[in-house]
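# Secondary and tertiary structure notes
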Amino acid sequence: MGLPRNPNSRSADYLDGMLGDSGKSSKWRPQKSTSARLVTLLTCLQFAFAVYATFLLYYMSPSIDLRTPKPDFAWASRIAQQWKHYIIPPHVVTRYQESASNLVLEPQPMISTPSEVCEHEKIEFEQKKSNDALMIKIKRELYDQVRDFQAKNSGTESLTELMSMKSKWDMRSPQNTPKVTVILNHFKRKTLCSQLDSLLHQTLPFHHVWVLSFGSPNELGLKRIVESYNDTRISFISSSYDFKYYGRFQMALQTEADLVYILDDDMIPGTKMLQILSHVAGTDKYKNSVLGSIGRILPFRQKDFTFPSYRKFRSKEAGLYLPDPAYDITVDKIVQVDFLSSSWFLSAELVKTLFIETPFTFMTGEDLHLSYQLQKYRNAGSFVLPVDPKDKETWGDSEHRLAYVSETTVIFKDVVTVRDDQWWRAVSTGYITQWAAMNPQKIDALFYAHTIEEVKALGPLLEKFRSTVGKKAYIVVPGGGFCSCEEATSALHWPKTVCRERRFKIFDLGVGALSGISNSEVPVVQAVYASMKGLIKVHNPSVVITVDDIDSNVRKALKMATESNSNSSTLVHLPRPSIRKVLWMADLRSTALPNWNRMRVSVNIITQNRVNSLTRLLKSLKDAYYLGDEVPISFNMDSRVDEPTLKLVKTFDWPHGPKTLRRRIIQGGLIRAVSESWYPSSDDDFGLLLEDDIEVSPYYYLWIKYALLSYHYDPQVSLPELSSISLYTPRLVEVVKERPKWNATDYFKHIHPNTPYLHQLPCSWGAVFFPKHWREFYVYMNMRFTEDAKQNPVQIPKSRTNGWQASWKKFLIDMMYLRGYVSLYPNFPNQMSFSTNHMEPGAHISAKDNVVRHNKTDFEVPLLKDDFKIYLPNGKMPSASKLPSLNLFNQAVSLKGLKSAGSKLRQDVLNCTVTQVVVVDHETGLPSRCATF
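Not measured: the values here are computed from a predicted model.

## Considerations on the overall build of the protein chain
Helix and strand counts for the protein chain stand at 28 helices and 29 strands. Here the protein chain, with 933 residues, has 53% of them falling under the buried criterion. Nonlocal contacts in the protein chain, meaning residues at least 24 apart in sequence, comprise 79% of its contacts between residues at least 6 apart. Here the protein chain has roughly 44,300 Å² of accessible surface; of this, 53% comes from carbon and sulfur atoms.

This is the structure in structure tokens:
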């Protein structure tokens, strides 16, 4: 008779009770019963299964290479079947099953095998091939251009060459074998089993595989597949929420592996892919890269200067899809692309870069965003690996037809539009595409305005650049909550459609994508720096122009971005009141513009006991435009300077640079006071010498800068004879005894009444002297200075300078005459000038020993109070070759003729022939040799 089930009894007790019932016999048996034998047999069987389980766990451990044949455990199953009837008699099992049928238990799912649950995509078509001869030709030519360019500039390697490169990851050493986490993202395609089968047979075993199912209608099926493989290294991660394309990268942030391999569900990698990818990722050349098997090169610029859609048909400029089986384009050497698709292999550390900026959209475009962010913030490239066409196990995409089984969203018009907007935004914020690398741009100016007010301030100069023939200039705004493209175009009176065109004109950095809501300046600085660095590298502007009072943090970012350009772009900060005064900047050659900040002009004042005159000069200097440049000022005083002058120079505030005071111990006189007032510290150090009875125009510094950039700092201009720039326009022929009146406007009216001109006469009433020539002058005067002027060997025919005594200018005139040097002079209506001489009593004027009487009206000229640009020929400085030149006596003579006249005297410090002039060492000013001119 059977034993009733006690709900509180343990199952073992219940089993013992059943096994102890022998049927009809009621006699109790001794200890050696059937039950005892059964317990003994169960114990033995338990031991056997423990051994079996130990071997099973060992072979399932990650350290065991699963590619080797698995052991056959069928023997254990056969033993169990044979012993079943001896261990538990059939009638006991039957009674146990009858009793158990009365229990209500949870159904336990049966673990299936992969062969039972796996599904596979049916591919019943051939690989698509194009028969469009024109398209095949277009695509092939562009691919050849890309490959040839990369081979020349960075070098490209075949698969064999890549695998022979030294790598951090050496598969022969366990210590140097990388841990690779593979992430498979699945939605509908039936490819999971194919992917897992390939991964389980990789020549480099994976560390983990994470199968992701985000919002998939096939979640349960995917889960059953993962469970069927019964591999602890393979995990299933699901969510009812669809994290779209970025979810897998968010998961990748959690891995502790060295490398991450992220695959779309249409990618079946060959069994050698993990080994190949890991090896290449461990090389010095490609360690800072993202690697893949499919990539795209973004569009090239069209003839109308716009960029087409990346899906534009029958267009070479639409870019490339690599490899492209439709056009028989295979990748036999590694190729850099603008972004990868379908698979990404990179270090776990690089994955973080994807989330520095908020994506343009989370609905698509994670592939482009990853490559864009990696280049922008890590200087990392994106590369498609080559394959061995004879070995499909080296392919990352072993069955490309899967891409056509379930059409992707990128073919839909609205998605294409979004992706076009996305890549154009990337290009507008500094993404250096293959087109940009292959086609280096060169523009004149790149403007940056951080606010709408700055846009308005810079607008006139921007428009001047854009309206000048042959000039290119663009403007950059930060976007976000600072100044958007739409706001900027409204301020510039441009159509708002400009913001939607794929054409270079205005760039919106979208700074808010990085900063969002933040009280820190770091995100803004980082965004401006990273974007501007890319834009500057792509467009190579001669100058980057912004306002002088821009936010200090943005200023630092612009400085770093500009200095990062190896092609020497120069950052220019313009004070807002000066911007309309430097519209001539657009007339400078692009080769001269980078030298905008190079020169250093110092103001050197020679003063002695004329405090009222000095006060007037200082006021005029302070009221001038300096364009934000640093301009040092020095006061040079003789030993007998009076107290009012000392007090004035001491209390004078100079906001444009350092102030220096010099006072002689022993009275030296004017010749020493002037000649020793300045000495150049470099070849970019220019000295403006002013006596205290001079007054300057507000535009004097603009004239100096414009002239230096036009005739001295332009590499395309050769004018070595130019030794100084005069601020003053003379009304007399100074070196002739009669001192006749002279009017440059009338003299040059056949050329242009207001053309600047070159003159052999140096100016002592406001002039900037060049460093090389001033060193030369120092040596010359030291070799020729005599207390008695009559002992000076240089006697210029018909020049009244021969009798000048105690004049530094006499020695400079002699040197310029002997060597054919000239000075640049302004020439405006009514002799308007950038400086004037008030002819107040001093060392020469009204001196007791000076027999020459000076009429003030012959020397005092009106100062320019308006922009001088309007008077110049065609509104700009003429080319150097069109500057007329005059000799010492105001006669038209060519530059070669000036040298010829000086050499014929043969009175220089070296004994040169009549066809030679003295050449000096410009570092020291010492004469070195004679040279034929």
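Following the structure, the description resumes.
## Description of the pairing of strand β3 (residues 234–239)
Both strand β2 (residues 208–214) and β3 contribute to a ladder of 6 bridges, which runs parallel. Within the sheet, the bridge partner assigned to V211 lies in β3 and is F236. The β-α-β motif built from β2, the intervening helix α9 (residues 219–229) and the parallel element β3 has right-handed crossover chirality.

## What about the nonpolar core?
General note: in soluble globular proteins, nonpolar side chains tend to be found buried as a group. Core analysis: the largest hydrophobic core is formed by 211 residues, its most contacted members being F447, F465, M532, I545, L621, Y700 and F868. For this core, the element with the most residues is helix α24 (residues 700–711), which contributes 10 residues. Residues in contact with M532, not counting those within four places in the same chain, are L446, Y448, V476, L509, V544, L558 and A561. Grouped together as the second largest cluster of nonpolar side chains are 38 residues, W169, F206, L222 and F345 included.

## Re unusual backbone geometry
Put simply, L322 and P323 share a cis peptide bond, and its omega is -15°. Locating P323 in the fold gives a position in the loop between β7 (320–322) and β8 (335–337).

## Considering the sheet that holds β7
Reading across from one edge, β7-β6-β9 is the order of the 3 strands in this open sheet, with antiparallel pairing throughout. Strands with a single pairing partner mark the edges of an open sheet, and in this sheet they are β7 and β9 (339–341). The average angle at which neighbouring strand axes cross in this sheet is 25°, direction not considered. Where strand β6 (residues 294–297) lies against β7, 3 bridges are found, and the strand directions are antiparallel. By the bridge assignment for β7, R296 is matched with Y321. Sitting on the sheet, helix α6 (residues 133–153) is in contact with β6 and β7, with an inclination near 75° to β7.

## Points about helix α19 (residues 522–539)
In a regular helix each residue adds 1.5 Å, so 18 residues correspond to 26 Å; α19 covers 26 Å between its end C-alpha atoms and thus fits that length. Within α19, 13 of the 18 residues are buried, which leaves the element mostly enclosed by the surrounding structure. Looking one or two places after α19, you find N540, whose phi comes out positive at around 45°.

## Quick notes on the state of the cysteines
In this structure the tally under the stated criterion is 3 disulfides. Disulfide pairing places C118 opposite C193 at an S-S distance of 1.9 Å. An S-S torsion of about -90° defines the bridge between C118 and C193 as left-handed. Residue C118 is found in the loop between α5 (114–117) and α6, and its partner C193 is found in helix α8 (residues 192–200); the two are separated by 75 residues along the sequence. In this model C485 forms its disulfide with C499; the gap between the sulfur atoms is 2.0 Å. Its torsion about the S-S bond being -100°, the disulfide of C485 and C499 is classed as left-handed. Within this pair, whereas C485 is found in helix α17 (residues 485–492), its partner C499 is found in the loop between α17 and β14 (506–508), the two being separated by 14 residues in sequence. Sequential numbering of the bridged cysteines in the protein chain gives the disulfide pattern 1-2, 3-4, 5-6. In this model C483 remains outside any disulfide bridge; the closest cysteine sulfur is found in C485, 8.8 Å from its own. The buried category is assigned to C483, whose relative accessible area is 0%.

## A word on the side chain of T645
When you line up the elements, T645 lands in helix α22 (residues 643–651). Under the relative-accessibility criterion, T645 is labelled buried at 0%.

## Quick notes on the sheet that holds β14
Taken together, the 5 strands give an open sheet; going across it, the order is β14-β13-β12-β15-β16, and neighbouring strands pair in parallel fashion. Each end of this open sheet is capped by a strand with a single partner; those strands are β14 and β16 (570–574). Neighbour-to-neighbour, the strand axes of the sheet open up by a mean angle of 25°, direction not taken into account. Examined bridge by bridge, strand β13 (residues 473–477) and β14 share 3 bridges and lie parallel to one another. Directly across from V477, in β14, lies its bridge partner D508. Strands in contact with helix α16 (residues 452–467) are β12 (445–448), β13, β15 (543–547) and β16; relative to β13, the strand with the most contacts, it is inclined by about 160°. Taken strand by strand, helix α20 (residues 552–563) contacts β12, β15 and β16, and its axis lies near 150° from that of β16.

## A word on the confidence of the model for the protein chain
Residue-level pLDDT values for the protein chain average 87, and 86% of them are 70 or greater. Within the model, pLDDT remains below 50 along residues 1–32, and this stretch shows 19 contacts once partners closer than five positions in the same chain are excluded. Below pLDDT 50 for its whole length, residues 62–70 participates in 12 contacts with residues either more than four positions away or in separate chains.

## What to know about the pattern of salt bridges
In total, this model carries 43 salt bridges according to the counting rule given. The partner of K287 in a salt bridge is D284, with the nearest N and O atoms 3.8 Å apart. For the residue pair K287 and D284, the accessibility class agrees, reading exposed in each case. Residues E357 and K376 are paired through a salt bridge, measuring 2.7 Å at the closest nitrogen-oxygen approach. With E357 in the loop between α12 (348–351) and α13 (366–378) and K376 in helix α13, this residue pair connects regions lying 19 residues apart in the sequence. Put simply, R140, D144, R147 and D332 are held in one network by salt bridges that share partners.

## Some details on the pairing of β6
Of the two faces of β6, the one carrying I294 and R296 and the one carrying G295 and I297 are both buried. Pairing of β6 with β9, which is carried by 3 bridges, proceeds in the antiparallel orientation. Bridged to G295 within β9 is L340.

## A word on the environment of T191
Topologically, T191 is positioned in the loop between β1 (180–186) and α8. On the basis of relative accessible area, T191 is assigned to the buried category, the value being 2%. Along the sequence, T191 and D266 sit 75 residues apart, while their C-alpha atoms lie 6.9 Å from each other. Discounting chain neighbours no more than four positions away, the residues touching T191 are E121, H186, D265, I268 and L402.

## Brief notes about the packing of α16 against α17
The geometry of α16 relative to α17 is characterised by a closest axis approach of 9 Å and an angle of 45° between their N-to-C directions. Comparing the axis directions of α16 and α17 gives the class oblique. Both α16 and α17 take part in a crossing whose hand is right-handed. On α17, the residues that touch I452, V455, K456, G459 and L462 of α16 are E487, A488, A491 and L492. Of the residues contributing to the contact of α16 with α17, the split by class is 6 nonpolar, 1 polar and 2 charged.

## Points about helix α11 (residues 273–281)
With respect to burial, α11 is a largely interior element, 8 of its 9 residues being buried. All of the buried residues in α11 are M273, L274, I276, L277, S278, H279, V280 and A281. At its buried positions, α11 is contacted by α7 (159–164), β1, β4 (259–263), β5 (289–292) and β10 (343–347).

## Considerations on the environment of M815
For M815, the location among the structural elements is in helix α27 (residues 808–819). Sequence-wise, M815 and D908 are 93 residues apart; in three dimensions their C-alpha atoms are separated by 7.9 Å. Sequence-distant contacts of M815, defined by excluding residues within four places in its chain, comprise H773, E776, F777, Y780 and Y821.

## Here we look at the packing of α27 against helix α28 (residues 895–905)
Axis separation between α27 and α28 bottoms out at 5 Å; the angle between their running directions is 105°. Classified by the angle between their axes, α27 and α28 sit roughly perpendicular to one another. Listed contacts from α28 to Y817, L818 and R819 of α27 are L898, K899, A901, G902, S903 and L905.

## Looking at the packing of aromatic side chains
Using the criterion set out here, one finds 52 aromatic pairs in the structure. Ring geometry for F249 and W344: centres 5.4 Å apart, planes at 70°, overall edge-to-face. Note that F249 is positioned in helix α10 (residues 247–252) and W344 in strand β10, a separation of 95 residues in sequence. For the pair F249 and W344, a shared accessibility class is recorded, and that class is buried. Within the aromatic cluster, the residues linked to one another by ring pairs are W584, W596, W703, Y706, F828, F834, F868 and Y871. Sitting above the plane of the W765 ring, K809 keeps its charged end 5.8 Å from the centroid.

About the cut-offs
Residues numbered from 1 in each chain as written. Predicted model: local features only at pLDDT ≥ 70, side-chain atom pairs only at ≥ 80, totals over all residues. Heavy atoms only, no water. Helix = DSSP H or I, 4+ residues; strand = E, 2+ residues; numbered from the N terminus. Buried < 20%, exposed > 50% of the residue type's maximum accessible area, 1.4 Å probe, protein only. Contact = heavy atoms within 4.5 Å. Areas by Shrake-Rupley, 256 points an atom, 1.4 Å probe, with all protein chains shown as cover. Pairing = 2+ DSSP bridges. Right-handed = clockwise from strand over helix to strand, strands pointing away. Core = buried A, V, L, I, M, F, W, Y, C linked by side-chain atoms within 4.5 Å. Axes fitted to C-alpha atoms, helices over the stretch in contact; angles between N-to-C directions. Expected span 1.5 Å × (residues − 1). Disulfide = S-S within 2.5 Å. pLDDT = per-residue confidence, 0-100. Salt bridge = Lys/Arg side-chain N within 4 Å of Asp/Glu carboxyl O. Parallel < 35°, antiparallel > 145°, perpendicular 65-115°, else oblique. Left-handed = near helix turned anticlockwise from the far one by under 90°. Nonpolar A, V, L, I, M, F, W, Y, C, P; charged D, E, K, R; others polar. Phe/Tyr/Trp six-rings, centres within 6.5 Å; stacked < 30°, edge-to-face > 60°. Lys NZ or Arg CZ within 6 Å of the ring centre and 35° of its normal.

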